[in-house]
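# Secondary and tertiary structure notes
Below are the chains, spelled out letter by letter.
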Amino acid sequence: MISLESKNLGKWFGPRKIFEEIDFSLPDKGSLVITGKNGSGKTTLLKILCGLIRPTQGQVLIRHDGKNLTTDESRNLFGLVMPDLELYAELTALENLSFLSRIRGVIPAPEDLKKIITRVGLEGRENDFVFSYSSGMKQRLKYAFALFHEPDILLLDEPTANLDDEGIELAEEIISLQKEKGVLIIATNRKEDFEYGDKILQLGS
Amino acid sequence: MEIKSSNWVVKPVWILFKDLKSEMRNRYALNTIVMFALTTLTVVSFSIGGFSLNSRITSSLFWLVIFFSSMSGLAQVFVKEEESKTVNLLKLTASPGTVLVGKLLFNLVLLLVLEVVIVPLFIIWMNLSILNLPLFFAVLLLGSLGLVCSTTIIAAIISKSHIKGALLAVLSFPILLPLLIAGIDGTRLSLESHDFSAGFGDLGLLGSYVVVMFTASILLFDFVWNE
């Protein structure tokens, strides 16, 4: 059983305050939608939650069966899709997934790689270099990266950005499945996505 | 079927393989350091012409070529990840220690490739006669390890900065000064003496430098990486 708690989180970039006193708690199978105008700190908050950047104040607590986890212990629990995250352009989709899986500590089976590539709709293009991908295909590959290790906590920043109708359906299916198996946090301003959150956090208000 | 590979020795090797594969495809650092090395070497060789230099000046020029060539390429190892926005991929998937050792290994391979090109050319063009080959290569190896340890952590620091070029020069000079002094002196001794034991002092200094820089890098990297 995974849970995530934000305690009094605050972030400043130099003298500029982005947000402060962010408190929420998400149990297993809990979901949160973060919304707010541009620059309100949605992406920054997601980065803090998964340990990419440090908060100026407060802390994030990740618990597994009641035990607090360290950053090292919780690293493999997160799956993240966000515009700030780019895959290696000079590698193919398969090479990207294989490398990132190996440094997580798992040597992936070829059939598992093929399965995830098919799931995100990139079959037939898995051996192409990522620099030849369109922005929508890159977004699909980011989903493959985020889901390949079956994360307990899925963080999505603008989950449908750059996706076509079929891609949006895929994203919605992934979101629905994650709600049933773990923690889900979405940063978005798209009204249709608000329904996925058990709670809604408005930043910059 | 997936296979668990939690060995902390193996993970940095995957980073090395990835970086080598990327490097072979886009020549991000290799072209820069080899071209810089060849240019420097040519300028030095032409400016000296037929003059015969003493061993101190020759060994200083030797390390000068290696230092400037390596600086132009080795510092790119983290800058490249920052500029292509892939740094977050590494942060999400690997521990700071894994990333540091992986990048150290890549820089070491890059420097060794550079030296395979530079050293024979320098010996031929400068008409160098090395009296003590084992000492020459021992100094070169330890000097290279020290250079790699220091440039890798400096690369991590400057990659977070907006003034990368200026910061590289400011940080590198004081940190690399002891290494260059010992390297130059050890190389001079290898040109002058058949006695390997004459270089023990410089080898000891270079060895200590490697240990200190590696330990400091491991201790500091977590803060640099997560800043």
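It should be noted that the structure appears before, not after, this text.
Residues numbered from 1 in each chain as written. Chains lettered and ligands numbered in written order. Predicted model: local features only at pLDDT ≥ 70, side-chain atom pairs only at ≥ 80, totals over all residues. Heavy atoms only, no water.

### Points about the interface of chain A and chain B
Accessible area lost during the coming together of the parts is what is often quoted as the interface size. Taken together, the contacts link 30 residues of chain A with 32 residues of chain B. Carbon and sulfur atoms make up 59% of the surface buried where chain A meets chain B, a total of about 2900 Å² over both sides. Viewed at the interface, chain B and chain A are joined by three salt bridges. Between Glu90(A) and Lys80(B) there is a salt bridge; the shortest N-O distance is 3.8 Å. Put simply, chain A and chain B have eight residue pairs in polar contact (both at pLDDT 80 or more) between them. For the side of chain A that touches chain B, the elements supplying multiple residues, two or more each, are α3 (93-104), β7 (106-107) and α4 (110-119) of chain A. (Contact = heavy atoms within 4.5 Å. Buried area = accessible area lost by both parts, 1.4 Å probe. Salt bridge = Lys/Arg side-chain N within 4 Å of Asp/Glu carboxyl O. Polar contact = N/O pair within 3.5 Å; in protein donor to acceptor, adjacent residues only side chain to side chain. Helix = DSSP H or I, 4+ residues; strand = E, 2+ residues; numbered from the N terminus.)

### Describing the environment of Val13(B)
All names here are of chain B. Summarising the element assignment, Val 13 is placed in helix α1 (residues 10-26). Exposure remark for Val 13: the relative accessible area of 27% places this residue in the partly exposed category. Separated by 21 residues in the primary sequence, Val 13 and Val 34 place their C-alpha atoms 24 Å from one another. (Buried < 20%, exposed > 50% of the residue type's maximum accessible area, 1.4 Å probe, protein only.)

### Some points on a nonpolar patch on the surface
Residue and element names in this part refer to chain B. Taken together, Phe 36, Leu 64 and Phe 68 make up a surface patch of nonpolar side chains, about 270 Å² in accessible area. Relative to the assigned elements, Leu 64 resides in helix α3 (residues 55-74). Its relative accessible area of 42% is what places Leu 64 among the partly exposed residues. (Patch = residues over 30% accessible without salt bridge, like charges linked within 9 Å, V, L, I, M, F, W, Y side chains within 5 Å. Areas by Shrake-Rupley, 256 points an atom, 1.4 Å probe, with all protein chains shown as cover.)

### With respect to the sheet that holds strand β8 (residues 153-157) of chain A
Residues and elements named next belong to chain A. Taken together, the five strands give an open sheet; going across it, the order is β6-β8-β9-β3-β10, and neighbouring strands pair in parallel fashion. The open sheet is flanked by β6 (78-81) and β10 (199-202), the only strands paired with a single partner. Going from strand to strand, the sheet's axes swing by 15° on average, the running direction of each strand aside. Set on the sheet, helix α5 (residues 135-147) makes contact with β6 and β8; between it and β6 the angle comes to about 175°. (Pairing = 2+ DSSP bridges. Axes fitted to C-alpha atoms, helices over the stretch in contact; angles between N-to-C directions.)

### Here we look at a negative patch on the surface
Judged by side-chain charge, Glu123(A), Asp165(A), Glu166(A), Glu169(A) and Glu173(A) come together as a negatively charged surface patch. When you line up the elements, Glu123(A) lands in the loop between α4 and α5. (Lys, Arg positive; Asp, Glu negative; His and termini not counted. Charge placed at Lys NZ, Arg CZ, Asp CG, Glu CD.)

### Focus: the packing of α3(A) against α4(A)
Residues and elements named next belong to chain A. Across the interface, α3 lies against α4 with an axial gap of 11 Å and an inter-helix angle of 120°. Taken together, α3 and α4 sit at an angle that is classed as oblique. In terms of crossing hand, the pair formed by α3 and α4 is right-handed. In this structure, α3 uses Ala 93, Leu 94, Leu 97 and Ser 98 to contact α4, whose residues at the interface are Leu 113, Ile 116 and Ile 117. Across the contact of α3 with α4, the residue classes break down as six nonpolar, one polar and no charged. (Parallel < 35°, antiparallel > 145°, perpendicular 65-115°, else oblique. Left-handed = near helix turned anticlockwise from the far one by under 90°. Nonpolar A, V, L, I, M, F, W, Y, C, P; charged D, E, K, R; others polar.)

### Let's talk about the packing of aromatic side chains
All names here are of chain B. For the structure shown, the criterion picks out twelve aromatic pairs over all chains. Taking 5.2 Å as the distance between ring centres and 65° as the angle between the ring planes, the aromatic pair formed by Phe 62 and Phe 122 counts as edge-to-face. Of this pair, Phe 62 sits in helix α3 while Phe 122 sits in helix α6 (residues 96-125); the two residues are 60 residues apart in sequence, bridging distant segments of the chain. Classification of Phe 62 as buried rests on a relative accessible area of 2%. (Phe/Tyr/Trp six-rings, centres within 6.5 Å; stacked < 30°, edge-to-face > 60°.)

### Notes on helix α6 (residues 165-181) of chain A
In a regular helix each residue adds 1.5 Å, so 17 residues correspond to 24 Å; α6(A) covers 25 Å between its end C-alpha atoms and thus fits that length. Residues of α6(A) that are buried in the fold lie against α4, α5, β8 and β9 (183-187) of chain A. (Expected span 1.5 Å × (residues − 1).)

### Re the nonpolar core
Residues Ile34(A), Leu45(A), Leu49(A), Leu141(A), Leu155(A) and Ile185(A) are the most contacted members of the largest nonpolar core, which totals 135 residues. The element contributing the most residues to this core is helix α7 (residues 133-158) of chain B, with twelve residues. Excluding its chain neighbours within four sequence positions, the residues that come into contact with Leu155(A) are Leu46(A), Leu49(A), Cys50(A), Phe78(A), Gly79(A), Leu80(A), Val81(A) and Ile185(A). (Core = buried A, V, L, I, M, F, W, Y, C linked by side-chain atoms within 4.5 Å.)

### So, α1(B)
An ideal rise of 1.5 Å per residue puts 24 Å on 17 residues; α1(B) measures up with 25 Å between its terminal C-alpha atoms. Among all positions in α1(B), only Lys11(B), Pro12(B), Trp14(B), Ile15(B), Leu16(B), Lys18(B), Asp19(B), Ser22(B) and Glu23(B) are buried. On its buried face, α1(B) is in contact with α3 and β7 of chain A together with α2 (30-48), α4 (76-83) and α6 of chain B. A positive phi of about 50° marks Arg27(B), the residue just after α1(B).

### Concerning the sheet that holds strand β5 (residues 67-68) of chain A
Residues and elements named next belong to chain A. Pairing in this open sheet of four strands is antiparallel, and the strands run β2-β1-β4-β5 from one edge to the other. Looking along the sheet, the strands with just one partner apiece sit at the ends: β2 (16-26) and β5. Sheet topology note: the strand β4 (residues 57-64)/β5 ladder contains two bridges and is antiparallel. Each bridged residue has a counterpart across the sheet, and for His 64 the counterpart in β5 is Lys 67. This element, helix α1 (residues 42-49), spans β1 (2-13), β2 and β4 of the sheet and lies at about 125° to β1.

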